[in-house]
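Notes for the structure review
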Amino acid sequence: MSEAVTCDVAIVGSGAGGGTVAAALAPLVGDGLRVVVFEQGPRLRDDEFDGGELTMAPVLYEDGGGFLTADGTMTLAFGRVYGGSTVVYTGTSLVAPERVIRGWRVPGLLASDLAERSAKYMQQNNVHLLSPEEINDNNRLFAEGCHAAGFTAEQFPINVRGCVGSSLCNLGCPNAAKQGTHRVQLPAAETQGVEVVTRAEVLRVDPQKLRVRVSEKPPGGKGEPSTWAPGEYDVRARVIVAAGGSVGTSALLLRSGLRARLPRLGHGFTCHPAFILVAEHAQPITNWVGHPKSFFLDRAEEEGFVLETCMYFPFTTAKNLTGLGTEHAAMMQAFERLQMILVLACDRPVEENRIEVDRSGRPVVHYTFTPAVVESLAAATRAAARIFFGAGAVRVHAPTADPHIITREDTERLDERITAEHFVPGTTSVSAAHLMGGCGMGGSAASSVCDAWGRVHGVPWLRVADSSLFPDALQINPYLTVMALADRTAEAVRRDLPELSMVAAT
Ligand SMILES: Cc1cc2nc3c(=O)[nH]c(=O)nc-3n(C[C@H](O)[C@H](O)[C@H](O)COP(=O)(O)OP(=O)(O)OC[C@H]3O[C@@H](n4cnc5c(N)ncnc54)[C@H](O)[C@@H]3O)c2cc1C
């Protein structure tokens, strides 16, 4: 037996998109409407964020952060918790580049509108530049290395409030400093009466109906029990806003049978494939204290890549270093002397790269590294090597070189040593955290899934408000653009709601 529930607006997911829609629609509750968010992950108490790699990753991430693409050559990182991926993001806050939005050619979508809406969320999230004394060695060396190599590093605006530099952003800030939807938009929405039901997975959507399964808290696990009793629910809603993320929303709509009317559903997936590069200095440097990500180098337009500073924990670093045995062990033993750079390729949508579901409705992500992406990763690695050596490093670990370790004697031969031919999918650890597309915006159902206001073509009761809306890669860090797009979806819901009455239950 399933229980029946009725509301006006049902939001699936509580991350950058869902949290934003919840807050933007919260005033409707004051008008007597019922707005409910369904989040499949748990809600954690502040004292449960312990910063441990082994204790936090399984609770905060889908598959503990190890969700693999279909052929096993890349892991995709995305959150599964109250606040979604904003709980684990690093909080770098960039506005969508004008040239990228122009290139998307989505009718009715202007970069200036996204910039205006992004400014609102920058304010809500306390986005600012860190002061020079808050910059750690790892970041300072990146800026110095860029300067020495003839590049210009730019400083990331960051969304922290009271950051003490634990560097644990990607394990959920243990000091409640990072501003995600779990800290800003969701609490604001709940104060105004929006209900957020956690441990509540939406299994499928049908016209003005959702099938929801609420799970029990596992014994000894982190997080609060759901406010709804475990079991299955049939929820009726005038409008459903899907904000489960690129993979989550695409999978939900696919298993609900919507591809029959939306042939582009699941297509257009991009993710900025990335890997970590490390370089050894002669002396210890601080990279595990201080905000991990203060600078970046944007070569997207010229060479199809972006470099960012980063700090990864020992397990993640070890997993990402290519090579085995003594070479690998030597790099890990030098952990306190390691400078780290994250390389991201700006991929483009191709037909092979898409989201599907298996027979049980679980997402399956097909991804192939195109020659252009592999070339960008190699070019990015060469640029990073120049930056590392410019900063004074003695040895650089480069997965797209054979052998992988490059010493200062090789600095004149980087173009020969680091090449695309050395990139062998499956032997280099590649991961991605900027998941985009699957329900891309565009002009018609033949070429896209949604319009520029998150309205699903031909399905008035269904809206999308997350990173699945991106019709192509953003070429920079995406969360602020997700919030700006979700703000547009919420505006359209407010506008259209008077015409969306509940049809008779079937
Ligand atoms: C480690 C990491 C670091 C990052 N750092 C940055 C950064 O510094 N700057 C930046 O701009 N971006 C960053 N990002 C990317 C950014 O976090 C995402 O682009 C953004 O959060 C995507 O928003 P979303 O709403 O699409 O999905 P998410 O934020 O992932 O939220 C989706 C939510 O929906 C829930 N859900 C999915 N399906 C269902 C279902 N069927 N039923 C119920 N709930 C469901 C999920 O559990 C999840 O909580 C980072 C991402 C990661 C993983």
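Let us look at the structure shown here. Along each chain, the written sequence defines residue order, and numbers are assigned to residues from 1. Selection of residues for local features in this predicted model requires a pLDDT of at least 70, selection of side-chain atom pairs for listing and counting requires 80 or more, and totals for whole chains, interfaces and linings are taken over all residues. Side-chain measures were taken over the full set of non-hydrogen atoms in the model, leaving aside hydrogen atoms and water.

Overview of the overall build of the chain
We count a stretch as a helix when DSSP gives it H or I for four or more residues in a row; a strand needs E for two or more, and each element gets its number in order from the N terminus. Check the secondary structure of the chain and you find 14 helices and 19 strands. With the radius of gyration taken over C-alpha atoms, the globule rule is written as 2.2 Å times the number of residues to the power 0.38. Here the chain has a C-alpha radius of gyration of 22 Å; the compact-globule value for 506 residues is 23 Å, and the two agree. With respect to the three principal axes, the spread of C-alpha positions in the chain is 75 × 45 × 40 Å. Only protein chains enter the accessibility calculation, which uses a 1.4 Å probe. A residue is then buried if its area is under 20% of the maximum for its type, exposed if over 50%, and partly exposed in between. Relative to its full complement of 506 residues, the chain shows a buried share of 60%.

Here's the deal with the layout of surface pockets
Think of a 1 Å grid over just the protein atoms. A cavity is a set of points where a 1.4 Å probe fits yet cannot get out, a pocket is an open set with protein on both sides within 12 Å along at least five of seven lines, and lining residues have an atom within 4 Å of a point. Grid points are joined across faces, edges and corners, and a volume is the space filled by probe spheres set on the points. One number sums up the size of the second largest pocket: a volume of about 250 Å³. The wall of the second largest pocket is formed by 15 residues, among which Gln 40, Gly 41, Pro 42, Arg 80 and Arg 199 lie closest to the centre. Residues that form the lining of the second largest pocket fall into these classes: 5 nonpolar, 4 polar and 6 charged. For this classification, Asp, Glu, Lys and Arg are treated as charged, while Ala, Val, Leu, Ile, Met, Phe, Trp, Tyr, Cys and Pro are nonpolar and the rest, including Gly, are polar.

Quick notes on the pairing of strand E8 (residues 209-214)
Each regular strand shows side chains that alternate between the opposite faces of the sheet. Burial along E8 is one-sided: the residues Leu 210, Val 212 and Val 214 are buried and none of Lys 209, Arg 211 and Arg 213 is. Here, strands pair whenever DSSP counts at least two bridges between them. For strand E7 (residues 200-206) and E8, the ladder comprises 6 bridges, and the chain directions are antiparallel. Bridge pairing in E8 links Asp 206 to Lys 209. Counted along the chain from E7 to the antiparallel partner E8, the turn is 2 residues long, and its residue Gln 208 has a positive phi close to 55°. Of the strand pairs in this sheet, E8 and strand E9 (residues 231-242) are connected by 6 bridges, and their pairing is antiparallel. Bridged to Arg 213 within E9 is Glu 232.

Here's the deal with the site of the ligand
One heavy atom within 4 Å of a molecule or strand is enough for the residue carrying it to be called near that molecule or strand. Surveying the vicinity of the ligand reveals 38 residues, the closest of which are Glu 39, Ser 85, Thr 92, Ser 467 and Tyr 479. Gly 17 is positioned such that a nitrogen or oxygen atom in its backbone is 2.8 Å from an oxygen atom of the ligand. Val 81 is positioned with one of its backbone polar atoms (N or O) 3.2 Å from an oxygen atom of the ligand. Secondary-structure elements contributing two or more residues to the shell around the ligand are helix H1 (16-25), E7, helix H8 (245-255) and helix H14 (479-496). Among the residues making up the shell around the ligand, the classes are represented as 15 nonpolar, 18 polar and 5 charged. Any pair of N or O atoms that falls within 3.5 Å is considered a polar contact. Within protein, one atom must be able to donate a hydrogen and the other to accept it, and sequence-neighbouring residues count only if both atoms are side-chain atoms.

Concerning H8
The buried fraction of H8 is high, at 9 of 11 residues. The complete set of buried residues in H8 reads Gly 245, Ser 246, Val 247, Thr 249, Ser 250, Ala 251, Leu 252, Leu 253 and Leu 254. Contact criterion: two residues are considered in contact whenever any of their non-hydrogen atoms come within 4.5 Å of each other. Those residues of H8 hidden inside the fold are in contact with strand E1 (3-12), E7, E9, strand E14 (354-357), strand E15 (363-366) and strand E19 (462-464). Where H8 terminates, the next one or two residues include Gly 257, which has phi positive at roughly 80°.

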